[in-house]
Amino acid sequence: MPDTALAVGAFPIGEDGHTHETACLNCATPLVGSHCHACGQAAHVHRTLGAFFHDLLHGVFHFEGRIWHTLPLLAWQPGELTRRYADGQRVRFVSPLALFLFSVFLMFAVFHQVSGEWHWNPAVGTDGKSLAQGKAEAQRTLSRLEAQRADLVRQHRSTESIDEQIDSQKTALDLIASVSGPDSTGAGPRVTSDIPQLAHVIAAFRANPGLAFYKLQSYAYKYSWVLIPISVPMLWLLFPFSRRFQLYDHTVFVTYSLSFMTLLLVVLMLADWLGLPGVAVVATVVPPLHIYRQVRGAYGCGRWGALWRTAALLVFALLALLLFAAVILAQTGAE
C-alpha cells in the first residue's frame, strides 16, 4: 500500500480516493468483484471531496440518460413503456414513482412562476349577504390596486407584483359570480351530489371558493401521491377477472399516466404563458389519445376494447380528481 495512504478504520484510502477493503463496508461479507453479492453495495467507495462531486455528476447524468430513454416512449408509446417496465426492464428507464415526483415538483415550480400565489377573500360565505359583502370588498380592493398600479405606471416602475394581486381579485370576483349567479343574491343554480365526498367538495367551494382554491394550491403538492391509490382500484375495475394483470401492473400504468399528464400540464402552462395558439385543442385531444395508446400497448386490447376503456378512464379521472380535492380539503380542516 502506498505510504501516502491514510487509514480509515481498518481500511486505508489510496491516492485515488478509494478505500481498498477486502470485505464489504456495509455488511462485512468478503468481496468477490466490484459489488457485494450480499447487499449490493459497491466496493472501494469514494472518500474524497472530488470523488463526492464525481458521484453527484454521475448520478445526474445517469438519471438524464435514463430520462431521455423514458420520455420519448412515455409521450408516444406509453403502453410499450408500461409493459416493458412491468415485465422487468428497469435499467434503461426512470421508475414510475421517481418520474411522477419529478413531474409534480416541476409542475408546481412552473405554476408558481407563471401564475403566482393565490389570495383569497375570507369574507365570502354561503349566504347571499356574505357573498354580496365579499363581492363589494373584492371590488373595493380591486379599485385600490388598480389606482396603485396607475401610480406605478406614471412613475415608470415595475407593476409585476401588483398585477398578480389584481389578477387574484378578478378571479375571486369571477368565482363569487359563478357561485351566487348574475344578481349576487345567492339564488343562482345550486350543484349538489348524493356522494358525501363530492358533496363536501361542492359545499367547500360554495362556502368560500377562494379559500378552497388556495388550500388546493398549497397542499396538492404534499398529497399528490394520493392520486395513485385513488386511481388504481378504478383501473382494476376494467380488468376485474384478469389473471395476467395484477394490481402492480395497474399501479405502473397509473403512475406513468399521471406523470405524462403532469408534464403535459407543464407544457400547456408554458405555452399559454408565452401566448402560443392551440393550447385548448391540445388539452382536449392529447389526454384521451394518450390513454387510448397506453391501454392498447400495456394490456394488448383491441381497438374497441381500448376505446370503451379510454372513455371509462376519462370518467374515472374526473372522479379521482374530485376525491383528491375532497382528501385535501378534509386534511386541511375545510369542514
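Please read all numbers here as calculations on a predicted model, not as lab measurements.

Conventions we followed
Residues numbered from 1 in each chain as written. Predicted model: local features only at pLDDT ≥ 70, side-chain atom pairs only at ≥ 80, totals over all residues. Heavy atoms only, no water. Helix = DSSP H or I, 4+ residues; strand = E, 2+ residues; numbered from the N terminus. Buried < 20%, exposed > 50% of the residue type's maximum accessible area, 1.4 Å probe, protein only. Contact = heavy atoms within 4.5 Å. Areas by Shrake-Rupley, 256 points an atom, 1.4 Å probe, with all protein chains shown as cover. Core = buried A, V, L, I, M, F, W, Y, C linked by side-chain atoms within 4.5 Å. Patch = residues over 30% accessible without salt bridge, like charges linked within 9 Å, V, L, I, M, F, W, Y side chains within 5 Å. Salt bridge = Lys/Arg side-chain N within 4 Å of Asp/Glu carboxyl O. Phe/Tyr/Trp six-rings, centres within 6.5 Å; stacked < 30°, edge-to-face > 60°. Lys NZ or Arg CZ within 6 Å of the ring centre and 35° of its normal. pLDDT = per-residue confidence, 0-100. Axes fitted to C-alpha atoms, helices over the stretch in contact; angles between N-to-C directions. Parallel < 35°, antiparallel > 145°, perpendicular 65-115°, else oblique. Left-handed = near helix turned anticlockwise from the far one by under 90°. Nonpolar A, V, L, I, M, F, W, Y, C, P; charged D, E, K, R; others polar.

1. Quick word on the overall build of the chain
Part 1 of the argument: Per the secondary structure count, the chain includes eleven helices and two strands.
Part 2 of the argument: Tracing the chain from N to C terminus, the helices and strands come up as β-β-α-α-α-α-α-α-α-α-α-α-α.
Part 3 of the argument: Classification of the 335 residues of the chain by burial places 38% in the buried group.
Part 4 of the argument: Across the chain, every contact between residues at least 6 apart in sequence was considered, and the portion connecting residues at least 24 apart equals 62%.
Part 5 of the argument: Accessible surface computed for the chain: about 19200 Å², of which carbon and sulfur atoms make up 63%.

2. Description of the nonpolar core
Part 1 of the argument: Ranked by internal contacts, the top residues of the largest apolar core, which has 34 residues, are Leu235, Phe239, Phe253, Val295, Tyr299, Leu313 and Phe324.
Part 2 of the argument: Residue assignment for this core shows that the elements contributing at least two residues are helix H3 (96-115), helix H8 (227-236), helix H9 (247-273), helix H10 (279-299) and helix H11 (303-331).
Part 3 of the argument: Ignoring any residue separated from it by four or fewer positions in sequence, one finds Leu235 in contact with His250, Phe253, Val254, Tyr299 and Leu313.
Part 4 of the argument: Counting residues in hydrophobic clusters, the runner-up holds 16 residues, among them Leu74, Phe260, Leu263 and Val279.

3. What to know about a nonpolar patch on the surface
Part 1 of the argument: Taken together, Leu270, Trp273, Leu274 and Leu276 make up a surface patch of nonpolar side chains, about 420 Å² in accessible area.
Part 2 of the argument: Checked against the element boundaries, Trp273 lands in helix H9.
Part 3 of the argument: You can call Trp273 exposed: its relative accessible area is 52%.

4. Section: H8
Part 1 of the argument: Burial within H8 is extensive, with seven of its ten residues counted as buried.
Part 2 of the argument: Every buried residue of H8 is accounted for by Leu227, Ile228, Ile230, Ser231, Val232, Met234 and Leu235.

5. Remarks on the environment of Glu146
Part 1 of the argument: Take Glu146: it is sitting in helix H4 (residues 128-154).
Part 2 of the argument: Those residues within four positions of Glu146 in sequence are excluded, and the remaining contacts are Ile166 and Lys170.

6. Notes on the pattern of salt bridges
Side-chain pairs of opposite charge can arise where the charged atoms are in close proximity.
Part 1 of the argument: Under the definition given, this model contains four salt bridges.
Part 2 of the argument: Measuring nitrogen to oxygen at the nearest pair gives 3.0 Å for the salt bridge that ties Asp87 to Arg83.
Part 3 of the argument: Of the charged contacts, one joins Arg154 and Asp151 as a salt bridge, the two residues approaching to 2.0 Å between their closest N and O atoms. Of this pair, Arg154 and Asp151 both sit in helix H4, three residues apart, which is roughly one turn of that helix.

7. Observations concerning the side chain of Thr159
Part 1 of the argument: Its location among the elements puts Thr159 in the loop between H4 and helix H5 (160-180).
Part 2 of the argument: Look past the residues within four positions of Thr159 in its chain and what remains in contact with it is Arg149, Leu152 and Val153.

8. Examining the packing of aromatic side chains
Part 1 of the argument: According to the stated counting rule, one finds five aromatic pairs in the structure shown.
Part 2 of the argument: In this structure, Arg90 is placed above the aromatic ring of Tyr85, and the distance from its NZ or CZ to the ring centre is 4.4 Å.

9. Regarding unusual backbone geometry
Part 1 of the argument: The backbone phi angle of Ala28 is positive, close to 70 degrees, even though this residue is not glycine.
Part 2 of the argument: Inspection of the secondary structure puts Ala28 in the loop between strand E2 (11-13) and helix H1 (49-76).
Part 3 of the argument: What makes Ala28 exposed here is its relative accessible area of 55%.
Part 4 of the argument: The backbone phi angle of His156 is positive, close to 55 degrees, even though this residue is not glycine.
Part 5 of the argument: Considering the arrangement of structural elements, one finds His156 in the loop between H4 and H5.
Part 6 of the argument: Residue classification places His156 among the exposed residues on the basis of a relative accessible area of 75%.

10. A look at the confidence of the model for the chain
Caution applies to low-pLDDT regions: their predicted coordinates should not be interpreted in detail.
Part 1 of the argument: Confidence in the prediction of the chain, expressed as mean pLDDT, is 76, and 65% of residues score 70 or more.
Part 2 of the argument: Taken element by element, the predicted model of the chain shows its lowest mean pLDDT in strand E1 (residues 6-8) (40) and its highest in helix H2 (residues 78-86) (94).
Part 3 of the argument: Of the regions scoring below 50 in pLDDT, residues 182-189 engages in eleven contacts with residues more than four places distant in sequence or in other chains.

11. What to know about the packing of H8 against H9
Part 1 of the argument: Where H8 contacts H9, the axes come no closer than 9 Å and their chain directions differ by 125 degrees. Judged by the inter-axis angle, H8 sits oblique to H9. Judged by the sense of rotation from one axis to the other, the crossing of H8 with H9 is right-handed. Contact residues: Leu227, Ile228, Ser231, Val232, Leu235 and Trp236 in H8; Leu247, His250, Thr251, Phe253, Val254, Thr255 and Leu258 in H9.
Part 2 of the argument: Residue classes in the contact of H8 with H9 are distributed as nine nonpolar, four polar and no charged.

12. What to know about the environment of Leu247
Part 1 of the argument: Along the chain, Leu247 falls in helix H9.
Part 2 of the argument: A sequence separation of 15 residues divides Leu247 from Val232, and the C-alpha atoms of the two residues are 7.3 Å apart.
Part 3 of the argument: Apart from the residues within four sequence positions on either side, Leu247 is in contact with Val232 and Trp236.

13. Focus on the packing of H2 against H10
Helix-helix packing is characterised by the crossing angle of the two axes and by the distance between the axes.
Part 1 of the argument: For the pair H2 and H10, interaxial distance at closest approach is 6 Å and the crossing angle is 40 degrees. With respect to their mutual orientation, H2 and H10 come out oblique. You can see that H2 and H10 cross each other, and the crossing is right-handed. Where H2 approaches H10, its residues Pro78, Gly79, Glu80, Thr82 and Arg83 are matched on the opposing element by His290, Arg293, Gln294, Gly297 and Ala298.
Part 2 of the argument: Residue classes in the contact of H2 with H10 are distributed as two nonpolar, five polar and three charged.

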